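# Report on the structure
The primary structure of each chain is shown beneath.
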Amino acid sequence: MSKKAASPIGIFDSGIGGLTVAHAVKKLLPQEQLIYFGDTAHLPYGDKSTAAIQAYSIKICDVLLRQNCKLILIACNSASAAAFELVKEYVGSKAKVFNVIDPVVDYLREHHANKTVGLIGTKQTVNSNVYQKKVDDLGEGIQLKSLATPLLVPMIEEGFYKNQVSHSIIATYLGHEALAGVQSLILGCTHYPLIKEEIKQYYANQVEVIDSSEIVAKALKAYLEFNNLLNSEKLPDDRFLVSDYTKSFEHATKLFFRKEVELEKYPLWE
Ligand code: DGL
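Owing to the predicted nature of the structure, the values given are computational and were not obtained by experimental measurement.

## Concerning the pattern of salt bridges
In total, this model carries eleven salt bridges according to the counting rule given. The partner of D102 in a salt bridge is K134, with the nearest N and O atoms 2.7 Å apart. Here the residue D102 occupies a position in helix α4 (residues 102–111), and K134 occupies one in helix α6 (residues 130–138), the gap between them amounting to 32 residues. With a closest N to O distance of 3.1 Å, D211 and K196 form a salt bridge. Of this pair, D211 sits in strand β8 (residues 208–211) while K196 sits in helix α9 (residues 196–202); the two residues are 15 residues apart in sequence, bridging distant segments of the chain. Residues D211 and K196 agree in their burial class; the two are buried. Through salt bridges with shared partners, a single ionic network connects K196, D211 and E214.

Right under this line is the structure:
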């Protein structure tokens, strides 16, 4: 096995929502070491400017490159929309860079040609039109209907899900005319897997709910396999770095990673 194969996978997000993606990756690739970076000092990214998200993303990549990551996964739709191209250029040949949007667009090409597909996400993700551009480039006759749903992230972080409040907010958003007639719905934010079941119920299981975390994890595995970069050695434990620390962030990791993890404070700017 090459030295590179034994290097960790870096994953970053604006905070701890990207742990849903880290969880999916760990489930599929248990032998890999993950180094997760949550930019808790700057969350939420969803309503930040593109320039600010780009600056944070580059700083975080520096941290992950210093840890010799073989692959960097941008586990945040807002950062994928705002900073992927720049990050890819910056990282160059030092690591492979993945985002959470392209694997979903590939999935649409394979399974949803000529369909009407819905997208929900933060303002940054939806207003960037990145999904629309990529879907148009496919030329597969997919009609994309998008709606920014900015209340969902704070709602989930405050623990409001699977209750009356979340049912009512979800129903209001999904009932919006912008999403009328969709045959499937992309969860375009890494927080949303937590409300996937409620969304499925809203549609009485008649609409496929596309969870990018699982699709992205499969794409990563395929890439590592194809390039002989799967690890087979015993590696150190996963690490979870955050740019700002509070006890409540640590408690919330359980929501997103299914088990509580110990967070290490790692300021981006000293
Ligand atoms: N994780 C972010 C995303 O996927 C949402 C949270 C935020 O706004 O920072 O878009």
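After that view, the rundown keeps rolling.
## Here we look at the site of the ligand
All residues adjacent to the ligand are D13, S14, P44, Y45, G46, C76, N77, S78, T122, C189, T190 and H191. At 2.7 Å, a side-chain N or O of S78 approaches an oxygen atom of the ligand. Between the ligand and T190, the relevant distance is 2.9 Å, taken from a nitrogen atom to a side-chain nitrogen or oxygen of the residue. Burial of the ligand by the protein chains amounts to 98% of its free accessible area of 300 Å². Looking at side-chain class alone, the shell around the ligand contains four nonpolar, seven polar and one charged residues.

## Quick look at the side chain of T20
Along the chain, T20 falls in helix α1 (residues 19–28). T20 sits in the buried class, given a relative accessible area of 8%. Looking at T20, its side chain comes within polar contact range of the main-chain oxygen of T190, at 2.6 Å. Setting aside residues up to four positions removed in sequence, T20 forms contacts with T190, P193, L194, S213 and F256.

## So, the sheet that holds strand β9 (residues 239–242)
If you trace the six strands from one edge of the open sheet to the other, you get β4-β3-β1-β2-β9-β10, paired in parallel fashion. Because the sheet does not close on itself, it has two edges, and the strands there are β4 (96–98) and β10 (264–265). Bridging between strand β3 (residues 71–74) and β4 involves three bridges; their strand directions are parallel. If you follow I72 over to β4, its bridge partner there is V97. With respect to the sheet, α1 is in contact with β1 (9–13), β2 (34–38), β3 and β9, its orientation differing from that of β2 by roughly 175 degrees.

## Side note on the sheet that holds strand β5 (residues 116–121)
What the four strands build is an open sheet, ordered β6-β5-β7-β8; its pairing is parallel. The sheet is open, and its two borders are formed by β6 (143–148) and β8, each paired with just one other strand. For this sheet, the mean angle separating the axes of adjacent strands, direction not counted, is 25 degrees. As paired strands, β5 and β6 are joined by six bridges and run parallel to one another. Paired with L119 across the bridge in β6 is S146. The strands that helix α10 (residues 212–226) touches are β7 (184–188) and β8; relative to β8, the one it contacts most, it runs at about 50 degrees.

Criteria and thresholds
Throughout, residues of each chain are indexed from 1 in the direction in which the sequence is written. Where totals are concerned, whole chains, interfaces and linings use all residues; where local detail is concerned, this predicted model gives features only for residues with pLDDT of at least 70, and gives and counts side-chain atom pairs only at 80 or more. Water and hydrogen atoms were dropped before computing side-chain values, which therefore reflect all heavy atoms in the structure. By definition, a salt bridge exists where a carboxyl oxygen of Asp or Glu is found within 4 Å of a side-chain nitrogen of Lys or Arg. The secondary structure listing takes helices from DSSP runs of H or I that are at least 4 residues long and strands from runs of E that are at least 2 residues long, numbered from the N terminus. We call a residue buried when its accessible area falls under 20% of the maximum for its residue type, exposed when it is over 50%, and partly exposed in between, using a 1.4 Å probe and counting protein chains only. The near set for a molecule or strand comprises every residue that places at least one heavy atom within 4 Å of it. Whenever two N or O atoms come within 3.5 Å, that pair is a polar contact, provided that in protein one can donate a hydrogen and the other can accept it, and provided that, for residues adjacent in sequence, both atoms are side-chain atoms. A 1.4 Å probe and the Shrake-Rupley method give the accessible areas. Residues count as covered only by the protein chains that appear here. In this count, Pro and Cys sit with the nonpolar residues alongside Ala, Val, Leu, Ile, Met, Phe, Trp and Tyr, while Asp, Glu, Lys and Arg are called charged and the others, Gly among them, polar. Only heavy atoms matter for contacts: two residues are in contact if any of them lie within 4.5 Å across the pair. Think of it this way: DSSP has to see at least two bridges between two strands before they count as a pair. The convention used is that axes are lines fitted to C-alpha atoms, helices contributing only their stretch in contact, and that angles between N-to-C directions extend from 0 to 180 degrees.

Shape is all these values report; function is a separate question.
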